[in-house]
Amino acid sequence: MDIKIIKEGQKTIVILDGRIDTSNAEKFQNDIAPLLVGDNPDIDIDCSGMTYTSSQGLRSFLTLQKSVNARRGKMVMRNMNPQVKEVFDITGFSNIISII
Amino acid sequence: MKKRFNPIKDRASEIIEFLMDSPDIPQDESLRFKLRLSIEEAVENVVSYAYDGGIGWLEAGTSLDNDSLILTIELRDAGTPFNPLEKADPDVTLSAEERAVGGLGIFLCKKMMDSISYRYEDGNNVLTMTKKIAE
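Because the structure is a prediction, the values reported are computed rather than measured.

Participant: Would you take a moment to explain the interface of chain B and chain A for this structure?
Facilitator: Interface size, as often reported, equals the accessible area lost upon joining of the parts. Every contact between the two is made by 20 residues of chain B and, on the other side, 18 residues of chain A. Secondary-structure elements contributing two or more residues to the side of chain B that touches chain A are helix H1 (12–20), helix H2 (29–49) and helix H3 (105–112) of chain B. Per-element tally for the side of chain B that touches chain A: the top contributor is H2(B), with 6 residues. Looking at side-chain class alone, the side of chain B that touches chain A contains 8 nonpolar, 6 polar and 6 charged residues.

Participant: Even after reading the chapter, I still don't get H1(B), so can you show me in this structure?
Facilitator: One turn of the α-helix equals 3.6 residues, which is why residues spaced by three or four share an orientation. Residue and element names in this part refer to chain B. Those residues of H1 that fall on the buried side of the exposure criterion are Ala12, Ile15, Ile16 and Leu19. Projected onto a plane normal to the axis of H1, the buried residues spread over an arc of 100° and lie on a single side. Those residues of H1 hidden inside the fold are in contact with strand E1 (2–5), H2, strand E2 (58–64) and strand E3 (70–77).

Participant: What am I meant to see in the sheet that holds E3(B) here?
Facilitator: In a beta sheet, neighbouring strands are held together by backbone hydrogen bonds and run either parallel or antiparallel to one another. Residues and elements named next belong to chain B. Read across the sheet, 5 strands follow the order E1-E2-E3-E5-E4 without closing on themselves; strand pairing throughout is antiparallel. Looking at the sheet topology across the chains shown, the edges are occupied by E1 and strand E4 (115–121). Pairwise comparison of adjacent strand axes, ignoring direction, gives a mean angle of 15° for this sheet. Bridge analysis of E3 against strand E5 (residues 124–132) gives 8 bridges, and the strand direction is antiparallel. Residue leucine 71 lies in a different strand from E5, and its bridge partner there is lysine 131. Sheet strands in contact with H1 are E1, E2 and E3, and its direction is about 15° off that of E2. Contacting E2, E3 and E5, H2 crosses the sheet at an angle of about 10° to E3.

What counts and how
- Residues numbered from 1 in each chain as written.
- Chains lettered and ligands numbered in written order.
- Predicted model: local features only at pLDDT ≥ 70, side-chain atom pairs only at ≥ 80, totals over all residues.
- Contact = placed C-beta atoms within 7 Å.
- Helix = DSSP H or I, 4+ residues; strand = E, 2+ residues; numbered from the N terminus.
- Nonpolar A, V, L, I, M, F, W, Y, C, P; charged D, E, K, R; others polar.
- Buried ≥ 20, exposed ≤ 12 C-beta atoms within 10 Å, placed from the backbone.
- Arc of directions from axis to C-beta.
- Pairing = 2+ DSSP bridges.
- Axes fitted to C-alpha atoms, helices over the stretch in contact; angles between N-to-C directions.

Okay, structure coming up:
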């Protein structure tokens, strides 16, 4: 999993590429740590390159969404592939994370 | 085919790839996604929790029925007796604030596979998952 974090004015663009699984879940959690700080976050996550996530990845996304909510910010995930989207649907994450 | 991994500490990825490389696993990408996810969650459970410190073995295997329609994945370990299916499913209607972080692994297995069963046999935990892979 490669992750790029780009600041564009008030917005934070995140580009995900690859798989989030057992082998790299801890690294991913560390990689997104910069997104867990700061006031009024506005985070836009491009998921077009994310080919797979296990429950480990879901943990990180829920932690991130909770953090964004607590800081009265907003977050969207976009361009999710259908199979990854199904994982978010089944687990109810589609209801708590804005997926466009 | 099946193989016994011993010890299993830090070897989840290797065990997952062993199963995914089995000739019993179909090539269809959508099926492979579901199978990989189920295998990963189930293997990760054993590697992380079955033994104190991960010192112990896991036997991982795949098989097909006579008509090659139904794939069976079986995981066997001699760790602490534990039935992962007894755990209540998460409430997927809760808000982000109400949701606990974690507890989704076996739930995903249940959703992705056609059946999942557990038995304690000869001092072993045995988890069996099946999936229809052809018409």
